[in-house]
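Commentary on secondary and tertiary structure
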Amino acid sequence: MLSERRLEVLRAIVQDYVGTEEPVGSKALTERHQLGVSPATVRNDMAALEDEGFIAQPHTSAGRIPTDKGYRLFVDRLAGVKPLSTPERRAIQNFLDASVDLDDVVARTVRLLAQLTRQVAVVQYPSLTRSTVRHVELLSLAPARLMLVLITDTGRVEQRMVDCPAPFGETSLADLRARLNSRIVGRRFADVPQLVQELPESFEPEDRGTVSTVLATLLETLVEETEERLMIGGTANLTRVGHDFPLTIRPVLEALEEQVVLLKLLGEATESGMTVRIGHENAHEGLSSTSVVAVGYGSGDEAVAKLGVVGPTRMDYPGTMGAVRAVARYVGQILAES
């Protein structure tokens, strides 16, 4: 275990390197931080930190920089989450409150995260599989043609056309709409098939074919392999810190173009806690020089999707974690109110 003083030295190295982009020497550390010991003692501490793999010397006669292992210890033991200022929080709320629909919420969230953190922002759309039914609307388009509209608790709207085997009157339509909503509103998608399986039997024989057709369309909509969708923004921010990536930023940009990689990167959306993956902890080779900060968001206690940022390992972790967490909380509130 590292002593408290060596942890303080590591914290100072991370803070200085993130702030100045320059390798950090013992003289600069003792001048900038109240470490309470001589430069010689700090040099010994730095040598011990280097031996244990927490810092490294990028080239001869330079100072030291944190390694992935050093950043990991900093995040786990030393970094608090830096809260946003009141004006920043108000600006986030006002910007997101102006959203007109789910697509707009996601687009605004991406822009906001990229601006706040100056990293690449990634936002996953709420998944249908983790949603509940808010409302089902049935509209008559022709005597034997209906439109089914499914609205989820996250504000997602799915529309389907239904061709009925026979004409279906307004009274029957209103009856089906009422019975359907009374059974499935507020229920998880996975529960719906069980809840509606006996519904056709409760209608007149001449209407049962249409009721079954409507239910079949509804269930198809629920179980459809709705592709996990993502929105990404702020990739230009990487060019600002291009020197943080060994050789070139091309592998990073190529990895960010692969949706599967990004979904794996964000991790399972059901984990609502904060995830920070640093450098080589990212399985994809193109992202081994980046860090990912992600968190779940949702309209209640349960996460329905994830959002996060990707940037160089030389990242302001406390500030980035604070921004990601705050934005996730506001998006969750908007989904709950929408």
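Fair warning: this is a prediction, and the values are worked out from it, not measured in the lab. Note on numbering: residues in each chain are counted from 1, in written sequence order. Totals for whole chains, interfaces and linings use every residue, but because this is a predicted model, local features are given only for residues with pLDDT of at least 70 and side-chain atom pairs only at 80 or more, for both listing and counting. Side-chain numbers come from the whole structure's heavy atoms, not from hydrogens or water.

The helix and strand inventory of the protein stands at 13 helices and 10 strands. For a compact globule the rule gives 2.2 Å times the number of residues to the power 0.38, and the radius of gyration it is set against comes from C-alpha atoms. The C-alpha radius of gyration computed for the protein amounts to 26 Å, which surpasses the reference 20 Å derived for 338 residues by more than 25%, pointing to a less compact arrangement than a globule. Seen through its principal axes, the protein has C-alpha atoms that stretch 90 × 40 × 35 Å. A total of 338 residues make up the protein; the buried ones form 49% of that total. In the protein, 60% of the contacts between residues at least 6 apart in sequence involve partners at least 24 apart. Of the accessible surface of the protein, which amounts to about 16,200 Å², a share of 49% is contributed by carbon and sulfur atoms. In the protein, 36 positive and 46 negative side-chain charges are present, and the distance between their average locations comes to 7 Å. To qualify as a helix, a DSSP run of H or I must reach at least 4 residues; to qualify as a strand, a run of E must reach at least 2; elements of each kind are numbered from the N terminus. Exposure categories follow from relative accessible area, calculated using a 1.4 Å probe and restricted to protein chains: below 20% of the type maximum is buried, above 50% is exposed, and the middle band is partly exposed. Between two residues, a contact is recorded if the distance between any of their heavy atoms is within 4.5 Å. Here the Shrake-Rupley method, with its probe set to 1.4 Å, supplies the accessible areas, and only the displayed protein chains count as covering residues. Charge counting follows a simple rule: Lys and Arg are positive, Asp and Glu are negative, and His as well as the terminal groups are ignored. A single reference atom marks each charge: NZ on Lys, CZ on Arg, CG on Asp, CD on Glu.

Lining residues are those with an atom within 4 Å of a point, where the points come from a 1 Å grid over the protein atoms alone and group into cavities, where a 1.4 Å probe fits but cannot get out, or pockets, open sets with protein on both sides within 12 Å along at least five of seven lines. Grid points are joined across faces, edges and corners, and a volume is the space filled by probe spheres set on the points. Overall, the coordinates contain 1 cavity of 30 Å³ or more when judged by the stated rule. As a volume, the largest cavity reaches approximately 40 Å³. Taken together, Leu102, Val105, Val106, Thr109, Val123, Pro126, Tyr297, Val331 and Leu335 form the lining of the largest cavity. Of all the secondary structure elements, the ones that give two or more residues to the lining of the largest cavity are α6 (102–117) and α13 (317–337). For the lining of the largest cavity, the element with the highest residue contribution is α6, accounting for 4 residues. Residues belonging to the lining of the largest cavity are distributed by class as follows: 8 nonpolar, 1 polar and no charged. By the convention adopted, Pro, Cys, Tyr, Trp, Phe, Met, Ile, Leu, Val and Ala count as nonpolar, Lys, Arg, Asp and Glu as charged, and the other residues, Gly among them, as polar.

Attention now moves to the domain arrangement of the protein. In many reports, interface size means the accessible area that the parts give up when they come together. Domains are outlined according to an automatic or database domain assignment. Taken as a whole, the protein is organised into domain 1 (4–78), domain 2 (86–126 + 228–337) and domain 3 (129–225). For domain 2 versus domain 3, the distance between C-alpha centres works out to 36 Å. Between domain 2 and domain 3, the contact holds 11 residues from the first and 7 residues from the second. Each of two parts loses accessible area, computed with a 1.4 Å probe, when they are put together; buried area is these two losses added. Around 840 Å² of area is buried between domain 2 and domain 3 when both sides are counted, 41% of it from carbon and sulfur atoms. Considering only the surface of domain 2 that becomes buried against domain 3, Leu102, Pro126 and Val304 emerge as the three largest contributors, covering 43% of it. Put simply, a salt bridge is a Lys or Arg side-chain nitrogen that is within 4 Å of an Asp or Glu carboxyl oxygen. Summed over the shared surface of domain 2 and domain 3, the number is 0 salt bridges. In protein, a polar contact means a hydrogen-donor-capable atom and an acceptor-capable atom, both N or O and within 3.5 Å, with residues adjacent in sequence counting only if both atoms are side-chain atoms; elsewhere, any N or O pair within 3.5 Å suffices. Counting across the interface, domain 2 meets domain 3 through 0 residue pairs in polar contact (both at pLDDT 80 or more). For the side of domain 2 that touches domain 3, the per-class residue count stands at 6 nonpolar, 3 polar and 2 charged.

Consecutive side chains along a regular strand alternate between the two faces of the sheet. By the criterion of burial, strand β3 (residues 120–124) is predominantly enclosed, with 5 of the 5 residues buried. In β3, alternate side chains face the same way, and those of Val120, Val122 and Gln124 on one face and Ala121 and Val123 on the other are all buried. Should DSSP find at least two bridges between two strands, the strands are taken to pair. When β3 meets strand β10 (residues 305–312), the two strands line up antiparallel, connected through 4 bridges. For Val123, the partnering residue across the bridge sits in β10 and is Leu307. Bridge count for β3 against strand β7 (residues 230–233) is 4 bridges, and the pairing is antiparallel. When the bridges of β7 are listed, Ala121 appears paired with Gly233.

Turning our eyes to something else, we now look at the nonpolar core. It is characteristic of soluble globular proteins that their nonpolar side chains tend to be buried jointly. Buried residues of nine kinds, namely Ala, Val, Leu, Ile, Met, Phe, Trp, Tyr and Cys, make up a nonpolar core once their side-chain atoms join them within 4.5 Å. Core analysis: the biggest nonpolar cluster contains 58 residues, and Leu29, Tyr297, Leu307 and Tyr317 have the highest contact counts within it. Of the residues forming this core, the biggest block, 11 residues, is contributed by α13. Counting contributing residues, this core receives three or more from each of domain 1 (4–78) and domain 2 (86–126 + 228–337). Membership of the second largest hydrophobic core comes to 23 residues, among which are Val136, Leu138, Val162 and Leu199.

A separate point is the packing of helix α1 (residues 4–20) against helix α3 (residues 39–51). Every axis corresponds to a line fitted to the C-alpha atoms, with the helix fit spanning only the stretch in contact, and the corresponding angles, defined between N-to-C directions, vary from 0 to 180 degrees. Packing of α1 against α3 brings their axes to within 10 Å, and their N-to-C directions diverge by 85°. Taken together, α1 and α3 sit at an angle that is classed as roughly perpendicular. Residues Arg5, Arg6, Val9, Leu10 and Ile13 of α1 form the contact with α3, whose participating residues are Thr41, Asn44, Asp45, Met46, Ala48 and Leu49. Any angle that is under 35 degrees is reported as roughly parallel, and any over 145 degrees as roughly antiparallel; angles of 65 to 115 degrees are reported as roughly perpendicular and all others as oblique.

This part takes up a positive patch on the surface. A patch is a set of surface residues, each over 30% in relative accessible area and not in a salt bridge, joined within 9 Å for like charges and within 5 Å for the nonpolar side chains Val, Leu, Ile, Met, Phe, Trp and Tyr. Residues Arg89, Arg90, Arg325 and Arg329 make up a contiguous surface patch of positive charge. Contributing elements (two or more residues each) for the positive patch: α5 (86–97) and α13. On the secondary structure map, Arg329 appears in helix α13.

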